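Now for the letters of each chain:
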Amino acid sequence: MKDPLYLTIAVIFVVISAFSTKKSKNFTSIEIEILVEDSTLNVRALEIVDKSGFAFLTSDGRLGAYRIDYSGEKKSQIFDVSSDSITPNFRSLAVDKNKGFGLSVGSPAYLYRLHAEAEKVKIVYQENHPKAFYDSMEFWNDQEGIAIGDPTEDCMSVIITRDGGDTWTKLSCDVLPKANEGEAAFAASDTNIAIVGDMTWVATGGKSSRILFSPDKGKTWDVFETPIIQGKATTGMYSLDFYDEYHGFAIGGDYTDADANQNNKIVTNDGGKTWQVVADGSGPGYRSCVQYVPNSKALQLIAIGFKGIDYSADAGQTWKHLSDEGFYTLRFLNDSTAYAAGNGRISKLSFK
């Protein structure tokens, strides 16, 4: 007869195993609640600050914040961020509990240290090159961050901070892969960069659409080819996400032919070295943002764009169209709730 303690341990092990192998719930529907609505809003830069809310930047130079306070009251505020007579067109945002940064597209490119009090907003980087056009920004930790943009010389523009955002330095083309003709990036959803630990993946687009990869927080770089649609200025990857150091997904297409769904969704299982087309000719066409659902074992994905919201439960092999509501970008709060921003509104998405 087995020892009672042995049986108890065995039962506990079975229970733990059952929970650990429990499959994530597949989504079949979505509820959309509008949180911020303003016909003048055009939001492609959105980040969750903490469980109580999010921050966002607009294409007409405004910084906004939304939060739910301790009493449950919903509060939002928006104020202008300006530099002399120039209204920054913001497409990139990075935030943590202590600070935030916003980066504008076009020339001159301005990178702002943001603050809830408008008078404390400060420019920490400026680039006046006529070809300057920055697309996305992320941080590895509270001291080190990266932003990427279109080429001004013969490589992609990459700027890095190692001192918490106080100063930024542009990398020399000597340490970056040479850009192909017509290779750039899209400022569609602030999701051109994916970071896992020290590893960084950057999605380019246009006439050439490739993956730039750094294993060491931007110190050294490699480049990987992809099979995604490319060849025109409007084609290629528009959004990239990595679930872990091996599993990644990218989506895009051609926004001028948004219903076309050939060669616009690709997946990797080896850290971005090789990519495969999935759902070719089926599922969503052009989408501006894709994100893995948290705690989904790299299986569940949400893709959004101005043509609606789509969901995959099998790593992008098949897709379900959840809504025709159009958005530009989204960020997950947890494994069933996300915030999405677009033209005229920011909404809470509850997946069921």
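Coordinates for the structure precede this section.
Residues numbered from 1 in each chain as written. Predicted model: local features only at pLDDT ≥ 70, side-chain atom pairs only at ≥ 80, totals over all residues. Heavy atoms only, no water.

### Focus: the side chain of Ser323
On the secondary structure map, Ser323 appears in strand S26 (residues 320–323). On the basis of relative accessible area, Ser323 is assigned to the buried category, the value being 11%. Within the structure, Ser323 has its side chain in polar contact with the backbone nitrogen of Glu325 (distance 2.9 Å). For Ser323, the residues in contact, after removing those within four places along its chain, are Ile30, Ile32, Lys307, Gly308 and Ile309. (Helix = DSSP H or I, 4+ residues; strand = E, 2+ residues; numbered from the N terminus. Buried < 20%, exposed > 50% of the residue type's maximum accessible area, 1.4 Å probe, protein only. Polar contact = N/O pair within 3.5 Å; in protein donor to acceptor, adjacent residues only side chain to side chain. Contact = heavy atoms within 4.5 Å.)

### What to know about the side chain of Ser92
Relative to the helices and strands, Ser92 is located in strand S5 (residues 90–95). Using a relative accessible area of 0% as the deciding quantity, one classes Ser92 as buried. A polar atom in the side chain of Ser92 sits 3.2 Å from the backbone oxygen of Asp135.

### What to know about the sheet that holds strand S15 (residues 199–203)
The strands that make up a sheet are held in pairs by hydrogen bonds between backbone atoms, and each pair lies either parallel or antiparallel. Ordered in space as S14-S15-S17-S18, the four strands form an open sheet in which the pairing is antiparallel. Bordering the open sheet on either side are strand S14 (193–196) and strand S18 (222–224), each of which pairs with just one other strand. Mean inter-strand twist for the sheet, computed between neighbouring axes without regard to direction, equals 20°. Pairing geometry for S15 and strand S17 (residues 211–214), over four bridges, is antiparallel. If you follow Ala203 over to S17, its bridge partner there is Ile211. (Pairing = 2+ DSSP bridges. Axes fitted to C-alpha atoms, helices over the stretch in contact; angles between N-to-C directions.)

### Observations concerning the sheet that holds strand S4 (residues 74–80)
Pairing within the open sheet is antiparallel, and its seven strands lie in the order S4-S3-S2-S1-S29-S28-S27. Each end of this open sheet is capped by a strand with a single partner; those strands are S4 and strand S27 (329–332). Adjacent strand axes in the sheet meet at a mean angle of 25° when their direction is disregarded. Pairing geometry for strand S3 (residues 62–68) and S4, over seven bridges, is antiparallel. Among the inter-strand pairings, Ile68 is bridged to a residue of S4, identified as Lys74.

### Considerations on the state of the cysteines
Linking two cysteines covalently through their sulfur atoms gives a disulfide. Following the criterion strictly, the structure yields one disulfide and no others. Cys155 shares a disulfide with Cys173; S-S distance 2.0 Å. Taking the torsion about the S-S bond as the criterion, the Cys155 to Cys173 disulfide, at about -75°, is left-handed. Taken together, the residues Cys155 in the loop between strand S10 (145–149) and strand S11 (157–161) and Cys173 in the loop between strand S12 (169–170) and strand S13 (183–184) connect sequence positions 18 residues apart. (Disulfide = S-S within 2.5 Å.)

### Details of the environment of Ile195
Tracing the sequence through the fold places Ile195 in strand S14. Take Ile195: its relative accessible area is 26%, and that puts it in the partly exposed class. Spatially, the C-alpha atom of Ile195 lies 26 Å from that of Lys131, the residues being 64 residues apart in sequence. Here Ile195 is in contact with Glu138, Phe139, Trp140, Ile146, Thr200 and Trp201, once residues within four sequence places are set aside.

### What about the environment of Asp198?
Looking at where Asp198 falls in the secondary structure, it is placed in the loop between S14 and S15. When the C-alpha positions of Asp198 and Asn141 are compared, they lie 9.3 Å apart, and in sequence the two are 57 residues distant.

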